[in-house]
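Architecture at a glance
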Amino acid sequence: MSSLPRILLVDDNESDRELAALVLGGEFDRVDIDHVGSAAEFSTAMASGLFGLVITEAELEWGEGLEIVELIRDLRPDCPIILFTADSSTTLWNDALRLSIDGFVAKSSEGFVQLPGAVRAALFRARRRALASAKDAPYRRLVEGLPVGVVVSTPSGQILEANPAFAAMLGLASPEGVSRRAFTEFFAHSSAASTWRSQLEASRTVGNFDAQLRRADRSLMWVRISSWQVEDGPTGVRQIQSIIEETEEFHSAQDDLARR
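Procedures and definitions
Residues numbered from 1 in each chain as written. Predicted model: local features only at pLDDT ≥ 70, side-chain atom pairs only at ≥ 80, totals over all residues. Heavy atoms only, no water. Helix = DSSP H or I, 4+ residues; strand = E, 2+ residues; numbered from the N terminus. Buried < 20%, exposed > 50% of the residue type's maximum accessible area, 1.4 Å probe, protein only. Contact = heavy atoms within 4.5 Å. Areas by Shrake-Rupley, 256 points an atom, 1.4 Å probe, with all protein chains shown as cover. Arc of directions from axis to C-beta. Core = buried A, V, L, I, M, F, W, Y, C linked by side-chain atoms within 4.5 Å. Pairing = 2+ DSSP bridges. Axes fitted to C-alpha atoms, helices over the stretch in contact; angles between N-to-C directions. Polar contact = N/O pair within 3.5 Å; in protein donor to acceptor, adjacent residues only side chain to side chain. Phe/Tyr/Trp six-rings, centres within 6.5 Å; stacked < 30°, edge-to-face > 60°.

Things to note about the overall build of the chain
Of regular secondary structure, the chain possesses nine helices and twelve strands. Each of the three principal axes of the chain carries a C-alpha extent, and together these read 75 × 45 × 30 Å. The 260 residues of the chain split such that 43% are buried. The long-range fraction of contacts in the chain, counting pairs at least 24 apart against all pairs at least 6 apart in sequence, stands at 56%. Of the roughly 13,400 Å² of accessible surface on the chain, a fraction of 51% belongs to carbon and sulfur atoms.

Regarding helix α3 (residues 65–75)
Those residues of α3 lying buried are Gly65, Leu66, Ile68, Val69, Ile72 and Arg73. In an axial view of α3, the angular spread of the buried residues amounts to 155°, which keeps them on one side of the axis. In this structure, α3 carries Glu67, Asp74 and Leu75 as exposed residues pointing more than 90 degrees from its buried face.

Quick word on the nonpolar core
For soluble globular proteins, the rule of thumb is that nonpolar side chains tend to be buried together. Grouped together as the largest cluster of nonpolar side chains are 23 residues, with contacts concentrated most on Ile159, Phe166, Phe183, Phe187, Trp196, Ile225 and Ile244. In this structure, isoleucine 159 is in contact with Val151, Val152, Ser153, Phe166, Val178, Ser179, Arg180, Arg181, Phe183 and Phe186, ignoring residues within four places of it in sequence. Formed by 21 residues, the second largest nonpolar core is a distinct cluster that contains Val36, Met46, Val54 and Ala96.

As for the sheet that holds strand β12 (residues 238–246)
If you trace the five strands from one edge of the open sheet to the other, you get β9-β8-β12-β11-β10, paired in antiparallel fashion. Two strands lie at the open edges of the sheet, namely β9 (159–162) and β10 (205–214), each paired on one side alone. Adjacent strand axes in the sheet meet at a mean angle of 25°, parallel and antiparallel pairs treated alike. Of the pairings in the sheet, the one linking strand β8 (residues 149–153) to β12 comprises five bridges and is antiparallel in character.

Notes on the side chain of serine 242
Among the structural elements, serine 242 can be located in strand β12. A distance of 2.7 Å separates polar atoms of two side chains, one belonging to serine 242 and the other to serine 227. Discounting chain neighbours no more than four positions away, the residues touching serine 242 are Gly149, Val150, Val151, Phe183, Trp196, Ile225, Ser226 and Ser227.

A closer look at the packing of aromatic side chains
According to the stated counting rule, one finds seven aromatic pairs in the structure shown. A ring pair is formed by phenylalanine 84 and phenylalanine 112, whose centres lie 4.9 Å apart and whose planes are at 90°; its orientation type is edge-to-face. Remark: phenylalanine 112 occurs in helix α5 (residues 109–132) and phenylalanine 84 occurs in strand β6 (residues 81–85); sequence separation between them is 28 residues. A single burial state applies to phenylalanine 84 and to phenylalanine 112, both of which are buried. With 6.2 Å between their ring centres and 85° between their planes, phenylalanine 166 and phenylalanine 186 make a pair best called edge-to-face.

Regarding the pairing of β12
The pairing of strand β11 (residues 220–231) with β12 spans nine bridges and is classified as antiparallel. Note on β12: the bridge partner recorded for tryptophan 228 is glutamine 241.

Some thoughts on the environment of glutamate 67
Mapped onto the elements of the fold, glutamate 67 is located in helix α3. Residue glutamate 67 is classed as exposed on the basis of its relative accessible area of 53%. Measuring from C-alpha to C-alpha, the distance between glutamate 67 and valine 10 comes to 13 Å, with 57 residues separating the pair along the chain.

Structural data, given as structure tokens:
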């Protein structure tokens, strides 16, 4: 199963579509992309509704990109949308803000590199919007303020949600930076990641698991991880929830005691 929802890639430039798909495919595991290069293909894609994220050019030979955005917003209000376009005018930027576009990436060499990050951020924001209107929103706001890291991931380990404390542990400004990444990607040692995974699969829970994680600046830190698998009764959707506590001072004290 793909770690991302199905992507609708709207652009009448076939080369740009192919390059964008290549970049996304290299960054994400098994991403499904529907290529749309004509009005007929767009109509078919909209009728099927089999997509969870849209990346569209603003300048199209067969239609206005912003009109397409408005149509998607009417039919799928919660669908995240990214404008990936060579048009970087102030007018377009203002229109993008009015339509609550989830990402705006300039189509350039640097922009193609930034596209995967924009996808992560857009999906993260869309999930936050959905959670904000859920009945357990007050409890989620409590999680946001906890001083320990909290991570929610798919059964395969792809991070769906993280709180600011976990991002701060890793030296990141926002939790968006970890969205749709594998939780095990942050383990400093693959053996520890494999052990954590094996214990979770064997007993559905892991308690007080000590491991080193790698920060954004490549430095290491000790943490204690407790994880468990949960299943939503009505939907049957399974997730992994984890609490991560930084224990650097504890391990430093242990090392100092061992030296003494």
